[in-house]
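# Commentary on secondary and tertiary structure
Below are the chains, spelled out letter by letter.
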Amino acid sequence: MGTVGGGTFNVLQRNAAEIARRAGRGIEVAQIAARHVNPTCDLGSTPVTDDVFAVVNNPEIDIIVELIGGSGVAKEVVLQAIANGKHVVTANKALIAVHGNEIFQAAVEKGVMVAFEASVAGGIPIIKALREGLAANQIDWVAGIINGTGNFILTEMREKGRTFEDVLAEAQALGYAEADPTFDVEGIDAAHKLTILASIAFGIPLQFDRAYTEGITRLTTADVNYAEAFGYRIKHLGIARRTEKGAELRVHPTLIPAHRLLANVNGVMNAVMVNGDAVGSTLYYGAGAGAEPTASAVVADIIDVVRTLTTDPNNRVPHLAFQADLLSDLPVLPVEQVETAYYLRLQAQDRPGVLAKVATILSERGINIESIIQKEVEEQDGLVPIILLTHRVLEQHMNDAIAALEALDDIAGPVMRIRVEQLN
Ligand SMILES: NC(=O)c1ccc[n+]([C@@H]2O[C@H](COP(=O)([O-])OP(=O)(O)OC[C@H]3O[C@@H](n4cnc5c(N)ncnc54)[C@H](O)[C@@H]3O)[C@@H](O)[C@H]2O)c1
Ligand SMILES: N[C@@H](CCO)C(=O)O
Ligand code: NA
């Protein structure tokens, strides 16, 4: 009965009549396990226990809705529910991304469903869209803003000049952040969600440990402003792309052209772009976190499960969109094998010839400069910033170039690098 649990209870009560008309039968909250009753809920006579396994083992119950979070007791709850022949609905992306292969296998063996729409992009029905609406397509890439807390922080910093810590505290108070908010700001939560999206898009097993993850904590206002000067915005994106060599799976701050719709997704809103070979580019937008937006997805899953109760278990929509025995072994590429364009910001000594040395290091590694800004103003200690955009290059060549740049006497401190995507 936390944020999402309370929201789910309230939506189920408020919309009970509409939900029953859709599901074909009433849906009753038979029992709740909670440490504390959520003060937004009027429980009436609904029984509450503090023993979650009392619910999981209650023979009167058909569907267990797991809204605890994490991979501790939540994993036990889900596996025990499956073992007891109950269907499961969860919002827990950490659990699905890390233990989903095991959980789905157990569910298939027992002939039960595990539904997890709320786990990715909150209320946006992106799993439904990918798994069913786009089932005709070969999906080429998926790119999205899939952490509400992080996007809220970046938006408030950019638009109102607020500090990182101040906005994070507000996101926590609003119920957007994970129990451990480093999951939000270090990109772990987004990597959990991207792992799930990539599996459903490409038909590969869940491989969270292969995802490349970079957070937003190192971004500075200067980078945000320089990006704008080049006509870009910085967004924290999850990107999954199918290439001939394998699948890219990466979460990192990204410069995207300011006119793209994704660049204009602000606050706690999420958006996911999906590119399919038949449909082209499609975009899904909505609230990525919060009690009732997330409950919207949880309740939709409950309705889905209720409608499917009478379906032959062998004939249901597969958990990962593709038949469980037909997943592909397309490898997830190490990030060094990923090709992107780059934004680089260097702190250079204000002496002649520095720019030429920088250009030489880049060109020796086949890296073309697209545009460059060299600030006239000294910022500090005789240093002037050089900001440049490159054409696309393999990450391993860029790593090599950055190491060479950082070794120059004329360059002070680490080089700031942000990947650039055109998303077309
Ligand atoms: N908050 C959001 O906007 C959002 C959006 C999408 C998905 N999610 C996911 O939903 C899940 C829940 O998130 P939340 O924000 O509601 O978290 P929360 O911390 O508000 O709620 C979790 C609740 O679980 C309770 N709990 C913990 N252990 C328990 C136990 N053994 N028995 C009974 N209750 C127990 C806690 O007391 C708490 O009330 C997480 O997996 C989260 O990642 C959250
Ligand atoms: N902490 C998550 C909740 C939604 O999954 C977010 O901010 O996006
Ligand atoms: Na969703």
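Residues numbered from 1 in each chain as written. Chains lettered and ligands numbered in written order. Predicted model: local features only at pLDDT ≥ 70, side-chain atom pairs only at ≥ 80, totals over all residues. Heavy atoms only, no water.

### Digging into the UniProt feature "active site" (unreviewed entry) in the chain
Selection rule: UniProt positions are given in the numbering used here, feature names are shortened, and annotations may be inferred rather than shown by experiment. Secondary structure is summarised from DSSP: a helix means a run of H or I of at least four residues, a strand means a run of E of at least two, and numbering begins at the N terminus for each. Remark: exposure states derive from per-residue accessible area (1.4 Å probe, protein chains only) relative to the maximum for the residue type, with buried under 20%, exposed over 50%, and partly exposed in between. Residues are treated as being in contact if the distance between any of their heavy atoms lies within 4.5 Å.
Per the UniProt annotation, the sites labelled "active site" (unreviewed entry) are Lys193. Tracing the chain through its elements places Lys193 in helix α10 (residues 188-202). Residue classification places Lys193 among the buried residues on the basis of a relative accessible area of 4%. The contact partners of Lys193, leaving out residues within four places of it in the chain, are Lys93, Ser119, Val120, Ala121, Ile146 and Asn147.

### Observations concerning the packing of aromatic side chains
Formally: Working definition: rings of Phe, Tyr and Trp (its six-membered ring) pair if their centres are within 6.5 Å, and the pair is stacked with planes under 30 degrees apart, edge-to-face with planes over 60 apart, and tilted otherwise.
For the coordinates displayed, the defined rule picks out two aromatic pairs. Summarising the aromatic geometry, the rings of Phe152 and Tyr176 are spaced 5.7 Å apart at their centres and angled 85 degrees between planes, so their arrangement reads as edge-to-face. With Phe152 in helix α7 (residues 148-160) and Tyr176 in the loop between α8 (164-173) and α9 (182-185), this pair connects stretches of sequence that are 24 residues apart. Note on accessibility: Phe152 and Tyr176 belong to one class, buried.

### Some thoughts on the nonpolar core
The condition is simple: By convention a nonpolar core is built from buried Ala, Val, Leu, Ile, Met, Phe, Trp, Tyr and Cys residues, the set being connected through side-chain atoms within 4.5 Å. What counts as a domain boundary in this text is fixed by an automatic or database domain assignment.
Ile126, Leu130, Ile196 and Val274 are the most contacted members of the largest nonpolar core, which has 53 residues in total. Elements with a contribution of two residues or more to this core: α3 (52-56), α4 (73-83), α5 (93-110), α6 (126-133), β6 (139-145), α10, β9 (247-257) and β10 (269-276). Take this core: its biggest share by element is nine residues, from α10. The two domains that each donate at least three residues to this core are domain 1 (3-122 + 291-326) and domain 2 (126-287).

### A word on the pattern of salt bridges
Any two side chains of opposite charge can pair, so long as their charged atoms come close to each other. Filter applied, for reference: Put simply, a salt bridge is a Lys or Arg side-chain nitrogen that is within 4 Å of an Asp or Glu carboxyl oxygen.
Enumeration according to the criterion identifies 28 salt bridges in this entry. Arg392 is the salt-bridge partner of Glu339, the closest N and O atoms lying 3.2 Å from each other. Placement of the pair is Glu339 in strand β12 (residues 339-349) and Arg392 in the loop between β14 (383-390) and β15 (393-394), with a sequence separation of 53 residues. Its relative accessible area of 47% is what places Arg392 among the partly exposed residues. The structure contains a network of salt bridges with shared partners spanning Glu156, Lys160, Arg162, Asp166 and Glu170.

### Brief notes about the environment of Glu109
Inspection of the secondary structure assignment puts Glu109 in helix α5. Using a relative accessible area of 61% as the deciding quantity, one classes Glu109 as exposed. Glu109 sits 24 residues away from Gly85 along the chain, and the two C-alpha atoms are 9.9 Å apart.

### So, the packing of helix α2 (residues 16-23) against helix α12 (residues 291-308)
Just so we agree on the cut-off: The convention used is that axes are lines fitted to C-alpha atoms, helices contributing only their stretch in contact, and that angles between N-to-C directions extend from 0 to 180 degrees. The crossing is said to be left-handed when, going from far helix to near helix, the turn is anticlockwise and less than a right angle, and right-handed when the turn is clockwise.
Look at α2 against α12: their axes get within 9 Å of each other, and the N-to-C directions meet at 35 degrees. In the crossing of α2 with α12, the sense of the turn from one axis to the other is right-handed. Note on element contacts: α12 touches α2 through Val299, Ile303, Val306 and Arg307, opposite Ile19, Arg22 and Ala23.

### Structural notes on the side chain of Arg417
Where we set the bar: N or O atoms within 3.5 Å of each other form a polar contact, as long as, within protein, one can give a hydrogen and the other can take it, and as long as residues adjacent in sequence are counted only when both atoms are side-chain atoms.
Topologically, Arg417 is positioned in strand β16 (residues 411-420). In this structure the side chain of Arg417 is engaged in a polar contact, spanning 2.8 Å, whose partner is the side chain of Asn399. Ignoring any residue separated from it by four or fewer positions in sequence, one finds Arg417 in contact with Tyr342, Tyr343, Leu344, Glu395, Met398, Asn399 and Ile402.

### A short note on the packing of helix α13 (residues 354-364) against helix α14 (residues 395-407)
Put simply, the rule is: Any angle that is under 35 degrees is reported as roughly parallel, and any over 145 degrees as roughly antiparallel; angles of 65 to 115 degrees are reported as roughly perpendicular and all others as oblique. Each residue is assigned to one of three groups, with Ala, Val, Leu, Ile, Met, Phe, Trp, Tyr, Cys and Pro labelled nonpolar, Asp, Glu, Lys and Arg labelled charged, and all others, Gly among them, labelled polar.
α14 packs onto α13 with a crossing angle of 155 degrees between their chain directions and a minimal axis gap of 9 Å. With respect to α14, the element α13 is oriented roughly antiparallel. Crossing of α13 over α14 shows right-handed handedness. Residues Val358, Ile361 and Leu362 of α13 touch α14, and the partners they reach there are Ala401, Ala404 and Leu405. Residues belonging to the contact of α13 with α14 are distributed by class as follows: six nonpolar, no polar and no charged.

### Points about the sheet that holds strand β3 (residues 63-66)
Operational definition: A pair of strands is considered paired only if DSSP assigns at least 2 bridges between the two.
The three strands are arranged β3-β4-β5 in an open sheet whose pairing can be described as parallel. Edge positions in the sheet fall to β3 and β5 (114-115), since each has one partner strand and no second. For β3 and strand β4 (residues 87-90), the ladder comprises four bridges, and the chain directions are parallel. Pairing of Val65 across the sheet is with Val89, part of β4. In the packing of α4 onto the sheet, the strands contacted are β3, β4 and β5, and the crossing angle to β3 comes to about 170 degrees.

### Here we look at the site of ligand 1
Quick reminder of the rule: Any residue with a heavy atom lying within 4 Å of a molecule or strand is counted as near it. Note on areas: these come from Shrake-Rupley sampling with a 1.4 Å probe, and a residue is covered only by the protein chains present in the view.
Surveying the vicinity of ligand 1 reveals 21 residues, the closest of which are Thr3, Val4, Gly175, Glu178 and Gly290. One nitrogen or oxygen atom from the side chain of Lys93 is found 3.0 Å from an oxygen atom belonging to ligand 1. A distance of 2.7 Å separates an oxygen atom of ligand 1 from a polar backbone atom of Gly290. Notes on ligand 1: free accessible area 830 Å², of which the protein chains cover 82%. Its residues placed into classes, the shell around ligand 1 shows 11 nonpolar, seven polar and three charged.

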